[in-house]
Amino acid sequence: MTLRKRPLGRSGLQASEIGLGAWQLGARWEWSGPGEEESLRIVDEALKLGCTFVDTASPYADGRSEEYLGRALEGRRDQAVICTKFGFWAPGYQEDHSADRIEEAVELSLSRLRTDYLDVLLIHSPPFDLMDGTAVPHYRILQRLVDAGVVRAYGVADRVSSADELRRILETTGSSVIETNINALEQAQLDVIAEAAEAGVGVIVRTPLASGWLSGKYDASSRFAGDDRDNWWSEEEIRRRAGAVEEFRTLVPEGLSMAQAALRFVLAQPEISTVIPGAKSVEQLRANVAAAEEPLPTEVVDAIRAFGKTNPLR
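Here we take up the overall build of the chain. Within the chain, the secondary structure is distributed over 10 helices and 12 strands. Computed over the C-alpha atoms, the radius of gyration of the chain is 18 Å, within 12% of the 20 Å expected from 2.2 N^0.38 for a compact globule of 314 residues. The principal-axis extent of the C-alpha atoms belonging to the chain is close to 50 × 45 × 40 Å. Total accessible area on the chain is roughly 13,000 Å²; 48% of this is exposed by carbon and sulfur atoms. The average position of the 35 basic charges and that of the 49 acidic charges among the side chains of the chain differ by 2 Å.

Here you go:
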């Protein structure tokens, strides 16, 4: 199959409805991610399947995510829509959102990606005060980069995925793209993304599998030693998530994996431009793409929506 495309808001860009979240490429230590050879195979297969929207950031795998993408796309750059981010730095995910470092970050990303333009540049999970375009210079600098042809569209990847963040971004920054968390366990943003669509702002959805929980691989006994997630959840939170996952499992139609049901639920929201699950192997990528083959039945979408309202994790 070849993936359908959706408009990325008013940016003029078209995004494959399932994209490739590239945080794991080269992240051998942080996420037990694939090495260079497998990373290149994943990107090659993604292009063959029409999965042409790729989301990365300069600190992912200490820069190796961008580097591997640059190698994989060399000679066929025009086949992909690349979204990268500014605000955290390699090595080690150092945070610095200073406006006077935006162009430095762009140059580093261009070099790693082996390209002379970025399709989308997002400010990467900035503090709330930096989401106010009336108070900070960041968005004027981003617009200058758009005017110069170095960046085709800009926006913000939010920090805590709240309605307040989204509305401030929409109202003050001139962004044409936002990135936020939406999945069957965390549905709060579904109540406000219609406002983004009305404003002509494209919506990129990250964590559609709730950081792996909706893959069906984890339960109350799961622990994440040797993985960044080891610091994310207390034992109580793991039990709470496991309980929500088991309830979600009862809503999944027979013959469909939990992951595919979770992806189809996100794709059922017309305001969403693209969803960006990660893939640590070609097989995972193919399974992600296969989720777009058929829509989730309306009654199942409605049941998962009701589940999210009564069992919110946030």
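Moving on from the model shown.
As a further point, take the packing of aromatic side chains. On inspection of all chains with the given rule, the structure shows four aromatic pairs. Ring geometry for F88 against Y93: centres 5.1 Å apart, planes inclined by 40°, an arrangement best described as tilted. One cation-aromatic arrangement involves R101 over W89; the distance from NZ or CZ to the ring centre is 3.6 Å.

What follows deals with the packing of helix α1 (residues 36-48) against helix α2 (residues 64-73). Between α1 and α2, the shortest axis-to-axis distance is 9 Å and the interhelical angle comes to 55°. Compared by their axis directions, α1 and α2 come out oblique. Crossing of α1 over α2 shows right-handed handedness. Contacts between α1 and α2 involve E36, S39, L40, V43 and L47 from the first element and Y68, L69, R71, A72 and L73 from the second. Of the residues contributing to the contact of α1 with α2, the split by class is seven nonpolar, one polar and two charged.

Formed by 86 residues in total, the largest nonpolar core has its most connected members in L185, W213, F248 and L285. Element by element, the count of residues in this core is highest for helix α8 (residues 258-267), at eight residues. Grouped together as the second largest cluster of nonpolar side chains are 13 residues, V81, L122, A153 and I276 included.

Another aspect to go through is unusual backbone geometry. In this structure, the amide linkage connecting A90 to the following residue, P91, adopts the cis form with an omega of 0°. Note on placement: P91 falls in the loop between β6 (88-89) and β7 (94-95). Positioned with a positive phi, A61 is a non-glycine residue whose angle comes to about 55°. Examined against the element boundaries, A61 turns out to sit in the loop between β4 (53-55) and α2. Residue classification places A61 among the buried positions, given a relative accessible area of 4%. One non-glycine residue, D62, lies in the positive phi region at around 55°. Summarising the element assignment, D62 is placed in the loop between β4 and α2. D62 gets classed as partly exposed once you look at its relative accessible area, which sits at 35%.

The next point concerns the side chain of D55. With respect to the element layout, D55 can be found in strand β4. Owing to a relative accessible area of 2%, D55 belongs among the buried residues under this scheme. Here D55 is in contact with L20, G21, A22, W23, Y60, C83, K85, E179 and I276, once residues within four sequence places are set aside.

With the rule as written, the count across this model stands at 24 salt bridges. R41 is the partner of E38 in a salt bridge, and the nearest nitrogen-oxygen pair spans 2.3 Å. With E38 and R41 both in helix α1 and three residues apart, this pair spans about one turn of that helix. Between R286 and E45 there is a salt bridge, and its shortest N-O distance comes to 3.1 Å. On the criterion of sequence distance, the pair formed by R286 in helix α9 (residues 282-290) and E45 in helix α1 is long-range, its members being 241 residues apart.

Reading across the sheet, the eight strands line up as β3-β4-β5-β8-β9-β10-β11-β12 and stay open at both edges, with parallel pairing between neighbours. Each having just a single partner strand, β3 (20-21) and β12 (274-275) make up the two edges of the open sheet. As defined by bridge partners, strand β5 (residues 81-86) adjoins strand β8 (residues 118-124) across four bridges and the pair is classed as parallel. Considered in β8, the bridge of K85 is made with L122.

Further remarks concern the packing of helix α7 (residues 235-249) against α8. Contact geometry for α7 and α8: axes closest at 11 Å, N-to-C directions at 85°. Comparing the axis directions of α7 and α8 gives the class roughly perpendicular. The segment α7 lies against α8, with V245, F248 and R249 engaging M258, A261 and A262. For the contact of α7 with α8, a count of residues per class yields five nonpolar, no polar and one charged.

The rules we used
- Residues numbered from 1 in each chain as written.
- Predicted model: local features only at pLDDT ≥ 70, side-chain atom pairs only at ≥ 80, totals over all residues.
- Heavy atoms only, no water.
- Helix = DSSP H or I, 4+ residues; strand = E, 2+ residues; numbered from the N terminus.
- Rg over C-alpha atoms; globule rule 2.2 N^0.38 Å.
- Areas by Shrake-Rupley, 256 points an atom, 1.4 Å probe, with all protein chains shown as cover.
- Lys, Arg positive; Asp, Glu negative; His and termini not counted.
- Charge placed at Lys NZ, Arg CZ, Asp CG, Glu CD.
- Phe/Tyr/Trp six-rings, centres within 6.5 Å; stacked < 30°, edge-to-face > 60°.
- Lys NZ or Arg CZ within 6 Å of the ring centre and 35° of its normal.
- Axes fitted to C-alpha atoms, helices over the stretch in contact; angles between N-to-C directions.
- Parallel < 35°, antiparallel > 145°, perpendicular 65-115°, else oblique.
- Left-handed = near helix turned anticlockwise from the far one by under 90°.
- Contact = heavy atoms within 4.5 Å.
- Nonpolar A, V, L, I, M, F, W, Y, C, P; charged D, E, K, R; others polar.
- Core = buried A, V, L, I, M, F, W, Y, C linked by side-chain atoms within 4.5 Å.
- Buried < 20%, exposed > 50% of the residue type's maximum accessible area, 1.4 Å probe, protein only.
- Salt bridge = Lys/Arg side-chain N within 4 Å of Asp/Glu carboxyl O.
- Pairing = 2+ DSSP bridges.

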